[in-house]
Structure formats: C-alpha cells, structure tokens
Amino acid sequence: MITLALSKGRIFEETVPLLKAAGIEVLDDPEKSRKLILDTNQPGVRVLVVRATDVPTYVQYGGADMGITGKDTLLEHGSQGLYQPLDLQIAKCRISVAVRADFDYASAVKQGSRLKVATKYVAIAREFFASKGVHVDLIKLYGSMELAPLVGLADAIVDLVSTGNTLKANHLVEVERIMDISSRLVVNQAALKLKQEPIRAIIDAFAGAVGKP
Ligand code: AMP
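Residues numbered from 1 in each chain as written. Predicted model: local features only at pLDDT ≥ 70, side-chain atom pairs only at ≥ 80, totals over all residues. Heavy atoms only, no water.

The name that an unreviewed UniProt entry assigns to the protein chain is ATP phosphoribosyltransferase, with the source organism given as Rhodoferax lacus. In the Function (unreviewed entry) part of its UniProt record, the protein chain is described as follows: "Catalyzes the condensation of ATP and 5-phosphoribose 1-diphosphate to form N'-(5'-phosphoribosyl)-ATP (PR-ATP). Has a crucial role in the pathway because the rate of histidine biosynthesis seems to be controlled primarily by regulation of HisG enzymatic activity." In its Subunit (unreviewed entry) section, the UniProt entry covering the protein chain states "Heteromultimer composed of HisG and HisZ subunits." (UniProt positions renumbered as here; feature names shortened; annotations may be inferred.)

Below, the structure written as structure tokens:
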C-alpha cells in the first residue's frame, strides 16, 4: 500500500492532474466527504487528507509514504529526513512583506526603526529581516495576517501572495518579495527503500506531467 498525504484546497485540486498522469483517481471529493482516508481507483494507493502544515510530519514519521507540501511549509516546519525529488510547480505563489498603503516602509527601514511584523512564518521572517539587518518584533498569528496592520497590531506582515487581491481588498501593499513558493513532492526515506518500485513509478509519472496543462 502506498499512502499519499495531501491537504485540501489548492494543493489537492492541482494534484489531481498529476495523479491522473500516474493512473490514479481519487474516488471521493475531500471538499464534500468527511473521510480522512480516501480510496483511489488503485487498490494499492490511498490518500490521507491532512492539514498543510502536518504533511511533513506525517511523511517524516511514516504515517504517509509520500506527501505534497509547499516550500513555505518545508522551510518553516523543517524537512528533516524527507527526500524531496520534485518541484511540482503547483500552488505557485510568493512570500512577501506587506504594509498599509500609508506606511512608509522604505523610510522606516532606512531609519533603522524597529518594526512589528505579524506572520505565521516566524522562521522565514526572522531570517529575512536578519539578513537585511532590520530589527523586528515578530508576532505569531495563525491566520488572517492581513488584519494585523489594519488594527495597529503590526506595522507589516509576512504572508503568501498569489493574485494580490487579498492585499488590495485590505488596503495593503507588497513592499518586499522574499521568495517564490511552489509545492514539492516529499517522500519518506525508509518507504523509498522498502517500496521502491511503486514509489519510483509515481515519481516518474509526476515528473513527466510537471508543467503540462
Ligand atoms: P491572493 O488574494 O490571490 O493574493 O491570495 C492571498 C491569500 O491566499 C492569502 O491569505 C494567502 O495566505 C493565501 N494563499 C495564496 N497562495 C497560497 C498558496 N499557494 N497556498 C496557500 N495559501 C495561499
């Protein structure tokens, strides 16, 4: 049995064509079903529906043989013991710094001001601002980072940006692009040895389908 850990939403939707290239079709819709283990048309393949931030943990400890997760999650939560054979080029976005449109970020940085930064990406933000020599107080949030500058909780946020519509709707502007993000295939190293043939077949099928519509 091969177990693949996926999160609901964009990653699941953009993984469907890759699975199809490997001859795998998930039989339930995770948006409609309450099941957490989904069967596929292949009796030897099943899909676990887990939180995006839990995918590396499931794969690292062997709860799943493979998983798909964003580079943001791997950088923030660590990727110890995970084999990362492929950038799947899905769920593409960027991780950026954004501020209120009326906040003069460039001057604040130039003057060496201490910035309050709200984010769920504390490790990524810490490293980024340290590399720029900017002093920051990091405020950990778990969601809706965009709200923090609007109510004075923070001067800036570090968050994922895709179209930029969420920032625009909240009168925020992107002032730094920290890095581009996409989702990666991660594989448990012991599983790769023990179930080499079926796992290699899936990796090869995904590799052949990457970037194709
Ligand atoms: P957008 O309005 O298209 O710029 O999307 C921004 C919102 O969607 C933010 O709340 C982000 O946290 C979230 N978001 C954007 N891209 C992704 C992604 N690839 N994975 C997860 N969340 C995302």
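Now that the structure has been shown, we can carry on.
*Asks:* Got a sec to walk through the packing of aromatic side chains? Specific residues and values, please.
*Replies:* Enumeration according to the criterion identifies one aromatic pair in this entry. Both rings, one in Phe 128 and one in Phe 129, keep their centres 5.2 Å apart while their planes meet at 75 degrees; by these two values the pair is edge-to-face. By relative accessible area, Phe 128 is classed as buried at 14%. The class for Phe 129 is buried, based on a relative accessible area of 0%. (Phe/Tyr/Trp six-rings, centres within 6.5 Å; stacked < 30°, edge-to-face > 60°. Buried < 20%, exposed > 50% of the residue type's maximum accessible area, 1.4 Å probe, protein only.)

*Asks:* So, the site of the ligand: which residues are in play, and what are the values?
*Replies:* Taken together, Arg 10, Ala 91, Cys 93, Glu 146, Asp 159, Leu 160, Val 161, Ser 162, Thr 163, Gly 164, Asn 165 and Thr 166 make up all the residues around the ligand. Here an oxygen atom of the ligand and a backbone polar atom of Asn 165 are 3.5 Å apart. One of the side-chain N or O atoms of Thr 166 is found 2.5 Å from an oxygen atom in the ligand. Taking a 2 Å distance to the grid points as the criterion, the majority of the atoms of the ligand fall inside the largest pocket. Contributing elements (two or more residues each) for the shell around the ligand: strand E9 (156-161) and helix H7 (165-169). (Near = heavy atom within 4 Å. Polar contact = N/O pair within 3.5 Å; in protein donor to acceptor, adjacent residues only side chain to side chain. 1 Å grid on protein atoms, 1.4 Å probe; cavity = no way out; pocket = protein on both sides within 12 Å on 5 of 7 lines; lining within 4 Å. Sits in = over half its atoms within 2 Å of the grid points. Helix = DSSP H or I, 4+ residues; strand = E, 2+ residues; numbered from the N terminus.)

*Asks:* For a nonpolar patch on the surface, give the residues involved together with the corresponding values.
*Replies:* Residues Leu 147, Leu 150, Val 151 and Leu 153 make up a contiguous nonpolar surface patch of roughly 350 Å² in combined accessible area. Inspection of the secondary structure puts Val 151 in the loop between helix H6 (147-150) and E9. Judged by its relative accessible area of 61%, Val 151 falls in the exposed class. (Patch = residues over 30% accessible without salt bridge, like charges linked within 9 Å, V, L, I, M, F, W, Y side chains within 5 Å. Areas by Shrake-Rupley, 256 points an atom, 1.4 Å probe, with all protein chains shown as cover. Salt bridge = Lys/Arg side-chain N within 4 Å of Asp/Glu carboxyl O.)

*Asks:* Account for the layout of surface pockets, with residues named and values stated.
*Replies:* Taken as a whole, the largest pocket encloses approximately 780 Å³ of empty space. Lining the largest pocket are 36 residues, with Ala 52, Asp 72, Lys 120, Tyr 121 and Leu 160 positioned closest to its centre. Taken together, the elements giving at least two residues each to the lining of the largest pocket come down to helix H1 (10-21), helix H3 (71-77), E9 and H7. Among the elements that take part in the lining of the largest pocket, H3 stands out by supplying four residues, more than any other. Of the residues belonging to the lining of the largest pocket, the class tally is twelve nonpolar, 15 polar and nine charged. Counting the residues that make up the lining of the largest pocket, at least three belong to each of domain 1 (2-91 + 182-211) and domain 2 (93-180). (Points joined across faces, edges and corners; volume = space filled by probe spheres on them. Nonpolar A, V, L, I, M, F, W, Y, C, P; charged D, E, K, R; others polar. Domains from an automatic or database assignment.)

*Asks:* Would you mind going over the nonpolar core in detail, with residue names and values included?
*Replies:* With 28 residues, the main nonpolar core has Met 66, Leu 185 and Phe 206 as its most contacted residues. Elements with a minimum of two residues in this core: strand E1 (2-6), H1, strand E3 (45-49), strand E4 (66-70), strand E11 (183-188), helix H8 (189-194) and helix H9 (196-209). The biggest single contributor to this core is H9, with five residues. Excluding residues that lie within four positions of it along the chain, Phe 206 makes contacts with Leu 18, Leu 19, Ala 22, Ile 68, Leu 86, Leu 88 and Leu 185. Of all hydrophobic cores here, the second largest spans 19 residues; its members include Val 97, Tyr 105, Ile 124 and Val 158. (Core = buried A, V, L, I, M, F, W, Y, C linked by side-chain atoms within 4.5 Å. Contact = heavy atoms within 4.5 Å.)

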